[in-house]
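Next come the chains, spelled out residue by residue.
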Amino acid sequence: MPEFSEDVMGVVTERIEDRFQMPLADLRRAVQAAPHANPDATSVVHWYGLLAETQDALDTAEDALVEALGTHPGELDDAVMELAHQVNAAVTARDGRVMVVNYLLDPLAPGKRGPGAWRGAGPAARRAPALPTAAPALPGERGIPTRGVTR
């Protein structure tokens, strides 16, 4: 399972390095030296650190589960099931943090400033509501009476 985790971290690292045009280690040093110089970089480095911690926890939980499965063949007991739940929770946390980092790296994500972003959208994009705001028209009377209703 470590191959997949290395792939996830490798892909995220590559995206960060592409976005900021420098190796991640250099970006971390730059953020540490001047955290207020680039708020986007500071946020990405912070969340990448949280992601790395979560990935380490996931790797540890997976190793414990694999070891327990090797020593308890057959039906799974409560201890093994608890380890499986820990792995599942760690995967969920890791994936959530990957989503946050991906959001931070995307300058066109909803809620961000930039061309085509919601806040930066021009007046044409804000001209009309996305959904109708008027009450729907009621259907006209039908020629067939509703069951149980007499006129």
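A. The arrangement of the pattern of salt bridges in detail. Scanning the entire structure with this criterion turns up three salt bridges. A salt bridge links Arg-19 to Asp-40, with the shortest nitrogen-to-oxygen separation between them at 3.6 Å. Here Arg-19 is found in helix H1 (residues 2-20), whereas its partner Asp-40 is found in helix H3 (residues 39-71), with 21 residues between them in sequence. One salt bridge in this structure joins Arg-94 and Asp-95, with 2.8 Å as the shortest N-O distance. Of the residues examined, Arg-94 reaches a relative accessible area of 4% and is grouped as buried. Given a relative accessible area of 35%, Asp-95 falls into the partly exposed group.

B. Quick look at the environment of Ala-68. Mapping Ala-68 onto the fold places it in helix H3. Overall, Ala-68 belongs to the buried group, its relative accessible area being 10%. Each C-alpha atom of the pair Ala-68 and Ala-84 lies 9.9 Å from the other, and the pair is 16 residues apart in sequence. Sequence-distant contacts of Ala-68, defined by excluding residues within four places in its chain, comprise Val-80 and Leu-83.

C. Here's a closer look at the nonpolar core. Counting 17 residues, the largest nonpolar core has Val-12, Ile-16, Phe-20, Leu-27, Tyr-48 and Leu-51 as its most contacted members. Beyond its immediate chain neighbours, meaning those up to four positions away, Leu-51 contacts Met-9, Val-12, Arg-94, Arg-97, Val-98 and Val-101. Counting residues in hydrophobic clusters, the runner-up holds eight residues, among them Leu-58, Ala-61, Ala-68 and Val-87.

D. Focus on the environment of Asn-102. When you line up the elements, Asn-102 lands in helix H4 (residues 78-105). Separated by 90 residues in sequence, Asn-102 and Val-12 have C-alpha atoms that sit 7.7 Å apart.

Rules behind the numbers
Residues numbered from 1 in each chain as written. Predicted model: local features only at pLDDT ≥ 70, side-chain atom pairs only at ≥ 80, totals over all residues. Heavy atoms only, no water. Salt bridge = Lys/Arg side-chain N within 4 Å of Asp/Glu carboxyl O. Helix = DSSP H or I, 4+ residues; strand = E, 2+ residues; numbered from the N terminus. Buried < 20%, exposed > 50% of the residue type's maximum accessible area, 1.4 Å probe, protein only. Contact = heavy atoms within 4.5 Å. Core = buried A, V, L, I, M, F, W, Y, C linked by side-chain atoms within 4.5 Å.

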